[in-house]
Amino acid sequence: MATQTISETAQKLVNPEALRYAAKQSERCLVIPVRLRRAIKKYLKEQEEPYMKSKVLRLSQSFNQIKDVNLQLASTTAKKIVEDPLKSLEQSKRWKITSSYGDIGLMYRDDETMAYVASRMPAVYSACYRVLKEVRRRLPGFSPSKVLDFGAGTGSAFWALQEVWPKSLEKVNLIEPSQSMQRAGRSLVQGLKNLPLIHSYDSIQALSKSIGKSDRGHDLVIASYVLGEIPSIKDRITIVRQLWDLTSDLLVLVEPGTPHGSNIIAQMRSHILWMEERKYRKASHKNNEVCKDLITQKSGAFVVAPCPHDGICPLVKSGKYCHFVQRLERTSSQRAYKRSKGDPLRGFEDEKFSYVVFRRGPRPREPWPLDGVELETLKEQHAKRNPEDLEIDYEDWMKLQQADDTLHEVADAADDLETGDTSCEAVNAVSYDSDAVETDGDDDSDNDYERREERASADLGGGWGRIVFMPVRRGRQVTMNVCRSTKKDASEGSYDRIVVTKSKNPTLHHQAKRSIWGDLWPF
């Protein structure tokens with residue numbers, strides 16, 4: 001009976017449309033919401049262009065200096081801390097003290113804040129939006145009402161939260177030590193309607209003092225583009241542990257998609273999973289067998305995304321690093337103040353990011369997508385064709401051909417949107433629609449696309465892999481690099497190269513041709 005249920009569930013998951021939309025996790029070229037673009041323009045309206053360009057250039061140079069300092073930190077220290085954080089009594093005391101959100105690599109004053117809003121805020125927003133949108137896809141029943149945004153800056157993550165869960169947010173706590181950035185964040189949301197209750201703090205300690213124990217649990221805690229600005233790995237781990245204690249459900253960490261940013265995410269991933277596993281083992285030893293089920297339900301952690309497993313990251317020793325890319329159409333402020341080397345500034349940019357999403361509790365046990373399913377080969381599909389279906393009525397064919405000619409361009413555009421191959425390369429580098437004249441109305445085609453996309457969602461079991469890097473299409477075969485689980489309980493994983501051919505697997509080949517970097521893969 002159990003086998004029959006698994007097979008039936010798998011059959012539902014593997015039908016072509018469900019497979020396609022469940023696997024599709026990537027975003028098309030992202031257009032920054034009109035109200036955010038308008039808010040940025042309003043905030044920067046009194047700034048002169050030459051002056052702003054110099055501010056943006058200085059901010060970029062400061063980021064590069066921070067990166068150089070962080071890369072000089074001892075890698076041996078980082079390895080020791082991640083592998084055994086409580087190795088000595090001295091280290092144990094270090095983690096139990098309350099650390100301030102200090103040791104920051106860059107102080108944001110008014111000049112740096114304005115440069116950040118002009119040049120970096122849209123890109124950071126796009127990465128946060130992509131991550132949170134994926135959380136919504138993976139957890140369609142999850143609707144956070146109380147959220148904590150650590151290192152909130154000018155509110156990039158807050159704007160993304162408002163776009164992804166506009167109706168469920170009731171209270172948002174923001175932690176940002178820079179008073180200049182706090183002021184900018186308040187200025188940007190000024191005039192918006194239906195905002196949740198917002199409280200700002202300059203440190204975790206200030207938040208903890210102002211709220212009671214019953215208010216400590218947040219449905220979602222997010223820290224985006226902030227851990228890399230804290231040079232000390234000890235402080236990073238301390239902060240992430242404190243953030244984990246402040247969440248009752250999800251913790252989201254996002255960093256730039258650089259080797260350093262990816263390394264930070266990998267370290268924090270390793271530490272949280274190790275820490276929760278250690279807690280579970282200790283609790284199991286102290287309690288009898290009767291209580292083990294209760295312990296399992298209340299403790300533990302697993303990775304919602306991007307990892308399909310909770311084992312050691314297989315990319316660590318591969319010489320590659322885990323990151324993803326979100327393309328966004330540049331805003332008018334970015335086009336005005338960012339500098340290009342000789343060539344005209346492109347109408348889009350690609351924001352690389354690394355991230356991890358944790359959830360409390362044990363990973364759900366679900367049937368793997370292809371369990372009990374036998375996929376037909378191309379020869380078997382051809383053998384089942386009905387000869388009558390191959391006959392052509394030429395009069396009907398001519399009518400259809402004329403209709404196809406008139407709609408050819410529209411069909412091509414729609415196909416590009418659904419396959420994810422669309423890009424902003426078509427955006428003219430000189431001529432743009434005015435940000436001021438765009439309407440706030442919803443795009444019906446986008447809403448329809450999202451509704452179709454969310455008909456089927458990939459479950460959180462161990463059967464879905466993650467496509468890392470762009471698939472390569474050669475003739476009738478597609479080659480993909482996939483990070484996937486090797487055990488049913490998702491306790492271990494591997495990084496493999498998969499080749500899908502049309503002759504052996506036409507159903508999966510159809511999906512593979514339309515899959516891109518960041519999508520899920522069903523085995």
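Source: prediction; values computed, not measured.

**Considering the overall build of the protein**
Helix and strand counts for the protein stand at 20 helices and 13 strands. Across the 523 residues in the protein, those meeting the buried criterion constitute 48%. Considering only intrachain contacts with a sequence separation of at least 6, the fraction spanning at least 24 residues in the protein is 82%. For the protein, the computed accessible surface area is about 26,600 Å², with 50% contributed by carbon and sulfur atoms.

**Quick word on the nonpolar core**
Core analysis: the biggest nonpolar cluster contains 64 residues, and Trp159 and Leu220 have the highest contact counts within it. If you tally residues by element for this core, the top one is helix H8 (residues 121-138), at 10 residues. Of the domains in this structure, domain 1 (34-79 + 93-360) and domain 2 (370-377 + 458-521) are the two that each give at least three residues to this core. With near-sequence residues (within four places) excluded, tryptophan 159 lies in contact with Arg35, Leu36, Ala39, Met121, Tyr125, Leu188, Val189 and Leu192.

**Thoughts on the packing of helix H3 (residues 34-44) against helix H9 (residues 156-164)**
One way to put it is that H3 packs onto H9 with a least axis distance of 11 Å and a crossing angle of 155°. By the angle class used here, H3 and H9 are roughly antiparallel. Crossing angle aside, the handedness with which H3 passes H9 is right-handed. Contacts from Arg35, Leu36 and Ala39 of H3 reach H9 at Trp159, Gln162 and Glu163. When grouped by side-chain class, the residues that make up the contact of H3 with H9 number three nonpolar, one polar and two charged.

**Digging into the packing of H3 against helix H7 (residues 110-119)**
Two elements in contact, H3 and H7, have axes separated by 10 Å at closest approach and are oriented at 145°. Where H3 crosses over H7, the handedness of that crossing is left-handed. Side by side, H3 and H7 meet where Ile40, Tyr43 and Leu44 of the first sit next to Thr113, Met114, Val117 and Ala118 of the second. Split by residue class, the contact of H3 with H7 holds six nonpolar, one polar and no charged.

**Focus on the pattern of salt bridges**
Enumeration according to the criterion identifies 12 salt bridges in this entry. Here aspartate 350 ties to arginine 327 by a salt bridge, and the two come within 2.7 Å at their closest N and O atoms. Highlighted residues: aspartate 350 in strand S8 (residues 348-360) and arginine 327 in strand S7 (residues 324-329), separated in sequence by 23 residues. Residue classification places aspartate 350 among the partly exposed residues on the basis of a relative accessible area of 32%.

**Section: the confidence of the model for the protein**
Atomic detail in the predicted coordinates should be set aside for any region of low pLDDT. Averaged over all residues, the pLDDT of the protein equals 75, while 65% of them reach at least 70. Note on residues 1-13: pLDDT under 50 across the span, and 16 contacts to partners over four residues away in sequence or across chains. Low pLDDT, under 50, characterises residues 85-104; the predicted model gives this stretch 44 contacts beyond four residues in sequence or across chains.

Scoring rules and cut-offs
- Residues numbered from 1 in each chain as written.
- Predicted model: local features only at pLDDT ≥ 70, side-chain atom pairs only at ≥ 80, totals over all residues.
- Heavy atoms only, no water.
- Helix = DSSP H or I, 4+ residues; strand = E, 2+ residues; numbered from the N terminus.
- Buried < 20%, exposed > 50% of the residue type's maximum accessible area, 1.4 Å probe, protein only.
- Contact = heavy atoms within 4.5 Å.
- Areas by Shrake-Rupley, 256 points an atom, 1.4 Å probe, with all protein chains shown as cover.
- Core = buried A, V, L, I, M, F, W, Y, C linked by side-chain atoms within 4.5 Å.
- Domains from an automatic or database assignment.
- Axes fitted to C-alpha atoms, helices over the stretch in contact; angles between N-to-C directions.
- Parallel < 35°, antiparallel > 145°, perpendicular 65-115°, else oblique.
- Left-handed = near helix turned anticlockwise from the far one by under 90°.
- Nonpolar A, V, L, I, M, F, W, Y, C, P; charged D, E, K, R; others polar.
- Salt bridge = Lys/Arg side-chain N within 4 Å of Asp/Glu carboxyl O.
- pLDDT = per-residue confidence, 0-100.

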